[in-house]
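One letter stands for each residue in the lines below.
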Amino acid sequence: MTITFTNGRVLTGETFRTDVSVTIEGERIVRVAPGPVPAGEVHDLRGARLVPGFIDTQVNGGGGILFNDCPTADCIDAIGRAHRRFGTTGFLPTLISDDLSVIDTAITAVETAMARGVPGVLGIHIEGPFLNASRKGVHDASKFRTLDDGALSLLTRLKRGRTLVTLAPETTTPAMITRLVEAGAVVAAGHTDADYPTTRAALGAGMTGFTHLFNAMSPLTSREPGAVGAALEDINSWCGLIVDGHHVDPVVLKLALRCRPRNRFMLVTDAMPSVGATEDHFMLQGRRITVRDGVCLDPNGVLAGSDLNMAAAVRNAHALMDLDLATAIALATANPAEFLGLGGVRGRIEPGLAADLVILDEALTVTETWIGGQRLVNEPV
């Protein structure tokens, strides 16, 4: 079936254009051009913005569900439904530090979800348990362990989609990181107390990302650049940012943008079950997490993920980081797609790419979400 989106402001590259229409056929975009509209269904945007679908590489939960507690294909589907009302058309269900048996079950769940065609699932993010206890954040340090051959085989057994592994470089070796990358994993540093040389060695070994930059990692100081310094110096790796106004001060975010290319930053939510739900709390590995004014806190006042969705992250990046809207959207679309090695498949509005699209109103609120050429009803919270 051919559908053409007309009469809108279409984000193509770095520009919103009003002189083009976008035609999709099946799961793909087939035309982005001015001129006569091809035969088929016409979808009048009535002046709204048409942008690429948002891609979130760090989704712990949503719709009242925590992936760790329910590592099944059905729960992945429910989490995806909660997030797509906020424009997320691609995501990595994220498992925080847990037993290897739970990781195994979660990988099987992702395999099953992708085989079923659950909308938006791009793979899995395994955040821990190969982390540093001194930067554990809300992770359960009793789950931490060494990355050995058995664990490496487990981490790289997903046969479809992408596997992102967050680890602390100082808890393993550059050789082990290289083996992970050669086996197909994308490796990022997080929950790390690594010094600058150790972080640089990990980058040299094939690590390409930093999970929630600034949070739960060794800071930049006058005599020790730390993991943050290595991240800001490196121009090739990608840095995830939680832009909720709570995890990182906007001034720090703006300074980071001056240090390295903007196309190497990406927005992540680190979302917890509260996103797309009405409850003001949830349980995390036996601890009650309270959600208040958009902040998730454990009983000790430690940040426990976020109550952030991708549409809000884009609005925040636009407002708090002084970014033009096209750049803010790129941080949620083209950049994470490139990080995952999917830049030739999705993340932009171009012929041949996936018909993953979001329609935004004047307030940058999501009104429609399309995944693979299918309009998916955004269920109310």
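For the structure itself, look to the data block above.
Below is a summary of the structure that appears in this document. In this convention, every chain numbers its residues from 1, walking through the sequence in written order. Totals for whole chains, interfaces and linings use all residues, but because this is a predicted model, local features are given only for residues with pLDDT of at least 70 and pairs of side-chain atoms are given and counted only at 80 or more. Only hydrogens and water are set aside; all other atoms, that is, all heavy atoms of the structure, feed into the side-chain values.

Below, the discussion takes up the sheet that holds strand 15 (residues 209-210). DSSP calls a pair of strands paired once it identifies at least 2 bridges connecting them. Helix numbers and strand numbers start at the N terminus; a helix is a DSSP run of H or I with at least 4 residues, a strand a run of E with at least 2. The strand order across the open sheet formed by eight strands is 8-11-12-13-14-15-16-17, and the pairing between neighbours is parallel. On the outer flanks of this sheet lie strand 8 (54-59) and strand 17 (265-267), each paired with one strand and no other. Relative to strand 16 (residues 238-241), strand 15 runs parallel, the two sharing two bridges. Following the sheet pairing, G209 is matched in strand 16 by W238. Contacts from helix 1 (residues 73-84) reach strand 8 and strand 11 (88-96) within the one sheet, and its direction differs from that of strand 11 by about 130 degrees. In what follows, a contact means two residues having at least one pair of non-hydrogen atoms within 4.5 Å. To define axes, lines are fitted to C-alpha atoms, for helices over the stretch in contact only, and angles between the resulting N-to-C directions are given on a 0 to 180 degree scale.

Let us look at the layout of surface pockets. The distinction between a cavity and a pocket rests on a 1 Å grid over the protein atoms alone: a 1.4 Å probe fits inside a cavity but cannot get out, while a pocket stays open yet meets protein on both sides within 12 Å along at least five of seven lines, and a residue with an atom within 4 Å of a point counts as lining. Grid points are joined across faces, edges and corners, and a volume is the space filled by probe spheres set on the points. Quantified by volume, the largest pocket comes out at close to 380 Å³. As for the largest pocket, its lining consists of 18 residues, of which E27, G120, R346, I371 and G372 are closest to the centre. Broken down by class, the residue content of the lining of the largest pocket amounts to nine nonpolar, five polar and four charged. When its volume is computed, the second largest pocket comes out at roughly 290 Å³. In this structure, the second largest pocket is lined by 18 residues; those nearest its centre are G13, E14, A326, A330 and A334. Of all the elements in the fold, those that place two or more residues in the lining of the second largest pocket are strand 2 (9-12), helix 9 (325-330) and helix 10 (334-339). Top element by residues in the lining of the second largest pocket is helix 9. It accounts for four residues. Residues were grouped as follows: Ala, Val, Leu, Ile, Met, Phe, Trp, Tyr, Cys and Pro as nonpolar; Asp, Glu, Lys and Arg as charged; and all remaining residues, including Gly, as polar.

Reading across from one edge, 18-19-20 is the order of the three strands in this open sheet, with antiparallel pairing throughout. Of all the strands in the sheet, just strand 18 (281-284) and strand 20 (295-297) have a single pairing partner and so form its edges. On average, each strand axis in the sheet is tilted by 25 degrees relative to the strand beside it, whichever way the strands run. Sheet topology note: the strand 18/strand 19 (residues 287-292) ladder contains four bridges and is antiparallel. Bridging across to strand 19, L284 finds its partner in R287.

In this section: the pairing of strand 11. To sort residues, take the accessible area from a 1.4 Å probe on protein chains only and compare it with the maximum for the residue type: under 20% means buried, over 50% means exposed, and anything in between is partly exposed. Summarising burial for strand 11: nine of the nine residues are buried, a large majority. In the sheet, strand 8 pairs with strand 11 via four bridges, with the strands oriented parallel. Within the sheet, the bridge partner assigned to D56 lies in strand 11 and is F91. As defined by bridge partners, strand 11 adjoins strand 12 (residues 123-127) across three bridges and the pair is classed as parallel.

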